[in-house]
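Each chain, written out:
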Amino acid sequence: METIELLILILKFILFPGALFCIAYGWFLEWFDRKLYARFQNRIGPLLTGPKGVLQPFADFIKLLAKEDITPAGADKFGFTVTPLLTLVVSLFTLLFIPIASLSGILSLSGDLLLVLFISTVFGLLIMFAGYFSGNRFSIVGTERTGLQFVAYEIPFALSVISVALATRSLEIVNIVTYQVNTLKLPLIVIVPVAFIIYLISSLAKLEKIPFDVPEAETEIVAGWQVEYSGKKLAFFRLATDLKMVFVSGLAVALFLGGPYGPSIPGLEPVFYTIWFIIKTLVVMFILSNLRSLFARYRIDQVVRGFWKYLIPFAVLQILAVQLLIFLGVI
Amino acid sequence: MAVLSKLVKWARIKSPWIIHYNSGGCNGCDIEVVAALTPRFDVERFGILLKGSPRHADVLVVTGPVTRQTKKRLVRIYNQMSDPKFVLAVGTCTMTGGVFRGGYGVVAGVDEVIPVDVFVPGCPPKPEAIIHGVVKLLEKLQKL
Ligand code: SF4
C-alpha cells in the first residue's frame, strides 16, 4: 500500500500536474501568446510547425538544444553554467504549489503563499546573476535595469497578494482557494478588483513582457542580460520563461479567479478541474497578450516612477478597502 | 539515434532565427528585409524570428557590399554565431559589389570574406524573393 502511494506521488511530480504537464503547457502558452500577439498585429504568426504552429516553441527548444554552446572568454564559467539550470529548477519548483488538478497544489504547507512569493523573487535575482556572470557590456546594462525594475514591481506584486491574504485571512494557497469555493462562493476578483489589475501589471514586469521589457530591450541593448547565452543555456532560459508564464497565470487563477474550481461531474473532478484551470489561465494570458500588443516600451525611469507613484498607492488603498470590508462584516 | 537526428533536423528547419547585418549597402535591401517581417509577408509563419544577438541566431542575413571598414566586424559577427550557422546574402551588392564595385573603400562580394549559403539577386530584391531565398536555404538544410 505504502509503495503504491509513493509511486503515485512520484508520478504526480513527474507526469501529471508536475513537471511534464507544466512544460508542455508552458510551450502551449508561449504559442498562444505568440499567435495572439501576431493576430493583434494583423500577422499570422507561427503556422507551419505542427497544426497551426502549435509545435513552434517545441521546435525552438530542440533546435537550441542541438546548437553549439559557447562560453565567452570574459564570462564567469561556473556562474554562467549554473544560472540557467538554477532558473529552470526554481521555476519548476514554484509550479508544485499551484493548484492545477485539485484544490491544492502537489505540495502544500502552511504559509506557502509567502514561500511562493519569496521564490518568485529569486527569479529576478537569478536574472541579475545571469547578466552579471556573462561579462558583456550589454548584459551588464541589462542587469542594472533588471535590478531597477525589480525594485519597482516586487512591492506592488507583494501588496496585491497581501490584500488577498487579508481578505481570506490565510497564507495558505489551499485555504485561499477553498475560501473562494466554500465560504465566499465567488471568485475573489469581485472583492479585490484593483489588486487583480495591479497583480497583472506587475506580473507583466516580472515576465519582462513588452511594456516592461526594459532589461532585454532589443533595439537598445541587443538582448540585455541574455545576450551571451547560446545553445542549451538559452533553451533553458526560454523554457524557464514559459514556466514562469504558467506560474504567474496559475497563481492569478488561484488567488483571484477561484482556483481550478468549476462545474464538474462528481467523480471526474481532476479532469474537469484541469480543464477549468486551462480555460482560466488562457483568459489571463489573453489579457496579458492584449496589454503586450497595446503598449510600447517604457523607459526604465518611467517604469520605476510609474510603479511607485501610481501602483503602490492604489495597492495600499485596496488593502484599506479590504480592512473596511472586514470591519463592516461583509467578508 | 536516427530518430533523434531526424528530430533535430526537423527542428532546425522549423525555427531558423535570423540576424540582420548591413555591411555597407544603400539601405534599399534592408527596407525589403524588414518588409518581409511585416504583416503582409510575415515570415514568422515559418518560425523565423529576428534576433538582436549573434549568439541566438542561426542565419546571418547580410545586405550590401563589404566595405573595408565593415569587413572585420562582419567576420567577428560570423565568428560569434554558434554552430550550425548559415549565411543568406541579399542583394546584387553582396554578390559582386554591385554599383559600388571598384570603389576605393569596397572589398566586393560577401563570399570573399565569409562562406555564403544562398544568394538572393536583385537591386533590391522583393520580399517575395527574399522569402524564396529562405525557402531555398531550408531545402539545403533538408539535404544535409
Ligand atoms: S543591392 Fe541595390 S538596393 Fe541592395 S544595397 Fe546594393 S545598391 Fe542598395
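Provided above is the structure to which this section pertains.
Residues numbered from 1 in each chain as written. Chains lettered and ligands numbered in written order. Predicted model: local features only at pLDDT ≥ 70, side-chain atom pairs only at ≥ 80, totals over all residues. Heavy atoms only, no water.

Draft legend 1. Expanded view of the packing of aromatic side chains. Per the stated rule, a full pass over the model turns up 23 aromatic pairs over all chains. Among the aromatic residues, those joined into a ring-pair cluster are F21(A), Y25(A), F28(A), W31(A), F32(A) and F277(A). Sitting over the ring of W17(B), K63(A) keeps its end group 3.7 Å from the ring centre. Over the ring of F123(A) we find K244(A), and its NZ or CZ is 5.0 Å from the ring centre. (Phe/Tyr/Trp six-rings, centres within 6.5 Å; stacked < 30°, edge-to-face > 60°. Lys NZ or Arg CZ within 6 Å of the ring centre and 35° of its normal.)

Draft legend 2. Local environment of the nonpolar core. Residue and element names in this part refer to chain A. With 95 residues, the main nonpolar core has Y199 and F256 as its most contacted residues. Sort the elements by how many residues they give to this core and helix α10 (residues 231–256) lands first, with 17 residues. The residues touching F256, leaving out its near neighbours within four places in the chain, are S160, V164, Q180, P187, L188, I189, V192, A195, F196 and Y199. (Core = buried A, V, L, I, M, F, W, Y, C linked by side-chain atoms within 4.5 Å. Buried < 20%, exposed > 50% of the residue type's maximum accessible area, 1.4 Å probe, protein only. Helix = DSSP H or I, 4+ residues; strand = E, 2+ residues; numbered from the N terminus. Contact = heavy atoms within 4.5 Å.)

Draft legend 3. Focus on a nonpolar patch on the surface. On the surface, a nonpolar cluster with roughly 630 Å² of combined accessible area is contributed by L6(A), I10(A), L11(A), I14(A), L15(A), F16(A) and L20(A). In terms of residue count, the dominant contributor to the nonpolar patch is helix α1 (residues 2–14) of chain A (four residues). (Patch = residues over 30% accessible without salt bridge, like charges linked within 9 Å, V, L, I, M, F, W, Y side chains within 5 Å. Areas by Shrake-Rupley, 256 points an atom, 1.4 Å probe, with all protein chains shown as cover. Salt bridge = Lys/Arg side-chain N within 4 Å of Asp/Glu carboxyl O.)

Draft legend 4. Region of the structure containing the sheet that holds strand β4 (residues 86–90) of chain B. Residue and element names in this part refer to chain B. Judged by pairing direction, the sheet is parallel, and its four strands sit side by side in the order β1-β2-β4-β6 without closing on themselves. Unpaired on one side and paired on the other, β1 (18–22) and β6 (118–120) mark the two borders of the sheet. Within the sheet, the average angular offset between the axes of one strand and its neighbour, ignoring direction, is 20°. Summarising the sheet, β4 and β6 pair through three bridges and their orientation is parallel. Residue A89 lies in a different strand from β6, and its bridge partner there is F119. In this fold helix α2 (residues 28–37) packs onto β1, β2 (59–63) and β4, with an angle of close to 140° to the strand it touches most, β2. Lying over the sheet, helix α5 (residues 127–143) contacts β2, β4 and β6, oriented at roughly 165° with respect to β6. (Pairing = 2+ DSSP bridges. Axes fitted to C-alpha atoms, helices over the stretch in contact; angles between N-to-C directions.)

Draft legend 5. Region of interest: the pattern of salt bridges. Residue and element names in this part refer to chain A. A complete count under the given rule lists 16 salt bridges over all chains for this structure. With a closest N to O distance of 3.1 Å, R238 and E30 form a salt bridge. Of this pair, R238 sits in helix α10 while E30 sits in helix α2 (residues 19–40); the two residues are 208 residues apart in sequence, bridging distant segments of the chain. The exposure class of E30 is buried, given its relative accessible area of 9%. The salt bridge involving D301 is made with R299; its shortest N-O contact spans 3.0 Å. Accessibility expressed as a relative area gives 30% for D301, which makes it partly exposed.

Draft legend 6. Quick look at the interface of chain A and chain B. Taken together, the 34 residues of chain A in the interface contact 30 residues of chain B. Of the roughly 2,600 Å² buried at the junction of chain A and chain B (both faces included), carbon and sulfur atoms supply 56%. When the area that chain A buries against chain B is broken down by residue, the three leading residues are R43(A), K63(A) and K67(A), summing to 23%. Remark: the boundary between chain A and chain B carries six salt bridges. R34(A) is the partner of E44(B) in a salt bridge, and the nearest nitrogen-oxygen pair spans 2.9 Å. In this assembly, chain A and chain B are joined by 22 residue pairs in polar contact (both at pLDDT 80 or more). Mapped onto the side of chain A that touches chain B, the elements with two or more residues apiece are α2, α3 (56–65) and α10 of chain A. When residues in the side of chain A that touches chain B are grouped by element, the largest group, seven residues, is from α3(A). (Buried area = accessible area lost by both parts, 1.4 Å probe. Polar contact = N/O pair within 3.5 Å; in protein donor to acceptor, adjacent residues only side chain to side chain.)

Draft legend 7. How the structure looks around empty space enclosed by the protein. Residues and elements named next belong to chain B. Under the counting rule described, the total for this entry stands at five cavities of 30 Å³ or more. The volume enclosed by the largest cavity comes to roughly 90 Å³. In terms of lining, the largest cavity is formed by I18, V33, A36, L37, V43, I48, V61, L88, I130 and V134. Ranked by the residues each element gives to the lining of the largest cavity, the list is headed by α2, at three residues. (1 Å grid on protein atoms, 1.4 Å probe; cavity = no way out; pocket = protein on both sides within 12 Å on 5 of 7 lines; lining within 4 Å. Points joined across faces, edges and corners; volume = space filled by probe spheres on them.)

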